[in-house]
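Coordinate inspection notes
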Amino acid sequence: MSKAKGPQDLPPKGGYVPFQIERIKLRSFATGKMGIGIFIAVNVIGMPLYMQNWRSERKRIIEAKSRELAAFPILFAENDRALLKQLKRVREVEADVMKDFPYWEVGTFFGEPIYEDVPVDTYIKPTLGELYVFSDPTNKPVLEYIHLFP
Amino acid sequence: MTDSKIFALPSDQELNTEELSISWPYIAAAAVFLGKKCEWYHNEFMLCRYELKDPRKCLKEGKDVTKCAKEGFQEIKKHCGKEFEAHVNCVVDTSATGTDDRYCSKTRKMFDDCMLKNLNMERPSFGYFCEARVHDSPRPKPEPEPDRFTDRLPDPAAPPYPPPKYQGASGFNI
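Residues numbered from 1 in each chain as written. Chains lettered and ligands numbered in written order. Predicted model: local features only at pLDDT ≥ 70, side-chain atom pairs only at ≥ 80, totals over all residues. Heavy atoms only, no water.

Looking at an unreviewed UniProt entry, chain B carries the name NADH dehydrogenase [ubiquinone] 1 alpha subcomplex subunit 8, with the source organism given as Frieseomelitta varia. UniProt's Sequence similarities (unreviewed entry) comment on chain B is quoted here verbatim: "Belongs to the complex I NDUFA8 subunit family." (UniProt positions renumbered as here; feature names shortened; annotations may be inferred.)

As annotated in an unreviewed UniProt entry, chain A is NADH dehydrogenase [ubiquinone] 1 alpha subcomplex subunit 13 from Frieseomelitta varia. Check the Subunit (unreviewed entry) section of the UniProt entry for chain A; it says "Complex I is composed of 45 different subunits. Interacts with CARD15, but not with CARD4. Interacts with STAT3, but not with STAT1, STAT2 and STAT5A. Interacts with OLFM4." Chain A has a UniProt comment under Sequence similarities (unreviewed entry) that states "Belongs to the complex I NDUFA13 subunit family."

This is the structure:
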């Protein structure tokens, strides 16, 4: 074991720096009072502007809704007829497609109806899949209700 | 049931009628005038649709609505065609959905003036179609659906309630 040469490491002259145990505060750019003041100022200036905008926006919304409600009967009347026509067409196509399949009854699963606890000849709104069952899937509307968002 | 042979669908003769061959921006632009002109037919159709919940039973009312709208469009085209076309073009150019006319007050004013002058139709007041109104229909009221759940629990007591058995709400103060 060789002996260490030269002087050993010693503390610097005057001793080590004392440990930092005091709290260092962050630099603050705004005091509490200033924050409250900014809050009040923003609200006092902004609220009238907001209310003004809201009033005009609300007026616009009511006008759009009024226009929409006036137009809906015209659209519904045509839509109902188109839906019934499509139901007829789907029934004809299904009868044609399944004519060679034994024991198949149109609109049922081998004679078993879709809904068992409703009276016969009840209208139940068909789903989109029922209406587009024999058509090209790319023809199915992606955004069904887009017209409801003016 | 929805599409089986028992389900009676109307004949082609009942379904086919002269449809509106016009696009949505035109309908939306003329909607308030048509709604005012055909108000009775619209109310009758919507009430039928709401009460019976069956499009097969409201085909006649629906045809009346389409016929009335068609007549209205023909009148507009005959008397205010140019103004209507200008207004719709402006709406289509400035709005995303082809209905919002907030940047078209000038053409809208011209269209309204023309409608008032030539057809004596005033634009309905603000929010007219958002108001609730009573419609007196000649069609009899439909029968309420019979109760199919015969073994259900009895209905709760009607408003003059009996006194509580176990101190009511204060019984929970343990």
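This part takes up the UniProt feature "transmembrane region" (unreviewed entry) in chain A. The feature "transmembrane region" (unreviewed entry), as annotated in UniProt, sits at residues 34-51 of chain A in this numbering. Spanning residues 34-51 of chain A, this segment combines 100% helix with 0% strand, and its end C-alpha atoms are found 26 Å apart. (Helix = DSSP H or I, 4+ residues; strand = E, 2+ residues; numbered from the N terminus.)

Let us look at the interface of chain B and chain A. Listed by partner, the interface residues are 50 residues for chain B and 42 residues for chain A. Between chain B and chain A, roughly 4400 Å² of surface is buried when both sides are summed, and carbon and sulfur atoms account for 64% of that area. Counting across the interface, chain B meets chain A through seven salt bridges. One salt bridge connects Asp100 of chain B with Arg60 of chain A, and the closest N-O pair in it is separated by 3.0 Å. The interface formed by chain B and chain A contains 14 residue pairs in polar contact (both at pLDDT 80 or more). Secondary-structure elements contributing two or more residues to the side of chain B that touches chain A are helix 1 (12-15), helix 2 (24-37), helix 3 (39-52) and helix 4 (59-94) of chain B. (Contact = heavy atoms within 4.5 Å. Buried area = accessible area lost by both parts, 1.4 Å probe. Salt bridge = Lys/Arg side-chain N within 4 Å of Asp/Glu carboxyl O. Polar contact = N/O pair within 3.5 Å; in protein donor to acceptor, adjacent residues only side chain to side chain.)

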